[in-house]
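Structural features, examined
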Amino acid sequence: MKQYHIILASNSPRRRDLLAGLDIPFEVRVLPDIEENYPKGLSVNEIPEYIAAEKADAYRAQMADDELIITADTVVILGQEALGKPTDPDDACRMLRMLSGRTHQVTTGVCLTTKERQKRFSVTTNVTFGTLTEEEIHHYVTKYKPFDKAGAYGIQEWIGYIGVTGLEGSYYNVMGLPIQRIYTELKAFDCKTTEE
């Protein structure tokens, strides 16, 4: 990847830490007020990749020729409902009650974008929660304030320690970045001008 200057377009400290773990030089660049909207008819599985691509498009006009920008979006999916970031403590508690005692999917959509090419992909992990009590839910929401996290939880925090009973797929994907897949895709990335 020496031919590209890598940019991580994310405010998330978790995504920064995960990308730093690859020992690849990068910088963080964040544009303010990027919308995270999607068309109503989109299936829940397509939402993360769509939003990641929309984020990438916001950066394209100011990209240098040698830059590769990484954008990502993570959604928690329960049945056919996408759980984004909670709006307030009540909404966070509502989401955790929904996840309690059930298996859900965490899907992260990623875009690797240069001026000439864009590679899009998604990674999904199945996560199972044991039954959470009201006391546990309120403790977590009050102390950890998971308002910047899809589905109102961070698997690497207290709620993950006491609540997650099973996981199938990438743990790091649940944290917000499927880092092994990103590493594989970065190695394969070339200068073709076609978009995938």
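Note: the structure precedes this text.
Below: a short report on this structure. (Residues numbered from 1 in each chain as written. Predicted model: local features only at pLDDT ≥ 70, side-chain atom pairs only at ≥ 80, totals over all residues. Heavy atoms only, no water.)

**Quick look at the packing of helix 3 (residues 89-99) against helix 4 (residues 134-144)**
The criterion, for reference: Helix axes use the C-alpha atoms of the stretch in contact, all axes being lines fitted to C-alpha atoms, and the angles between their N-to-C directions lie in the range 0 to 180 degrees. Helix and strand assignments follow DSSP, with helices taken as H or I runs no shorter than four residues and strands as E runs no shorter than two, numbered in order from the N terminus. An angle below 35 degrees is treated as roughly parallel, one above 145 as roughly antiparallel, one from 65 to 115 as roughly perpendicular, and anything else as oblique. Take the far helix as your reference; a near helix turned counterclockwise from it by less than a right angle gives a left-handed crossing, and one turned clockwise gives a right-handed crossing. Any two residues whose heavy atoms approach within 4.5 Å at even a single point are treated as in contact. In the scheme used here, Gly and all other residues not listed as nonpolar or charged are polar, with Ala, Val, Leu, Ile, Met, Phe, Trp, Tyr, Cys and Pro taken as nonpolar and Asp, Glu, Lys and Arg as charged.
Put simply, helix 3 and helix 4 touch, their axes get as near as 10 Å, and they point 135 degrees apart. By the angle class used here, helix 3 and helix 4 are oblique. Seen from above, helix 3 lies across helix 4 with right-handed handedness. For the pair helix 3 and helix 4, contact is made by Pro-89, Ala-92, Cys-93, Leu-96 and Arg-97 and by Glu-134, Ile-137, His-138, Tyr-140 and Val-141, respectively. Across the contact of helix 3 with helix 4, the residue classes break down as seven nonpolar, one polar and two charged.

**Brief notes about the environment of Ala-72**
Inclusion rule: The buried label applies to any residue whose accessible area, calculated with a 1.4 Å probe on protein chains only, is under 20% of its type's maximum; exposed applies above 50%, and partly exposed to all values in between.
Among the secondary structure elements, Ala-72 is positioned in strand 3 (residues 67-78). For Ala-72, a relative accessible area of 4% gives the class buried. Between the C-alpha atom of Ala-72 and that of Arg-120, which follows or precedes it by 48 residues, the distance is 9.7 Å. Not counting residues up to four positions away in its chain, the partners in contact with Ala-72 are Arg-15, Ala-52, Lys-55, Thr-108, Gly-109, Val-110, Gly-176 and Leu-177.

**Here's the deal with helix 2 (residues 47-60)**
Each α-helix winds once per 3.6 residues, and so residues spaced three or four apart point in a common direction. Rules: In a helix, the anticipated span is given by 1.5 Å times the number of residues less one.
Counted at 1.5 Å a residue, the expected span for helix 2 with its 14 residues is 20 Å, and the 20 Å between its end C-alpha atoms agrees. Looking only at helix 2, the buried set comprises Ile-47, Pro-48, Ile-51, Ala-52, Ala-53, Lys-55, Ala-56 and Tyr-59. Summarising the contacts, the buried residues of helix 2 are in contact with helix 1 (13-20), strand 3, strand 4 (81-83), strand 5 (103-113) and strand 6 (118-129).

**So, the nonpolar core**
What counts, and what does not: Here the nonpolar core consists of buried residues drawn from Ala, Val, Leu, Ile, Met, Phe, Trp, Tyr and Cys, with membership extended through side-chain atoms lying within 4.5 Å.
One finds Ile-70, Leu-112 and Tyr-153 to be the most contacted residues of the largest nonpolar core, which totals 41 residues. With near-sequence residues (within four places) excluded, Tyr-153 lies in contact with Val-76, Leu-96, Leu-99, His-104, Val-106, Val-127, Phe-129, Tyr-140, Pro-146, Ile-159 and Val-174.

**Some details on unusual backbone geometry**
A positive phi is found at Lys-145, a non-glycine position, where the angle reads about 45 degrees. Tracing the sequence through the fold places Lys-145 in the loop between helix 4 and helix 5 (158-163). You will see that Ala-152, though not glycine, has its phi angle at about 65 degrees, which is positive. Under the relative-accessibility criterion, Ala-152 is labelled buried at 0%.

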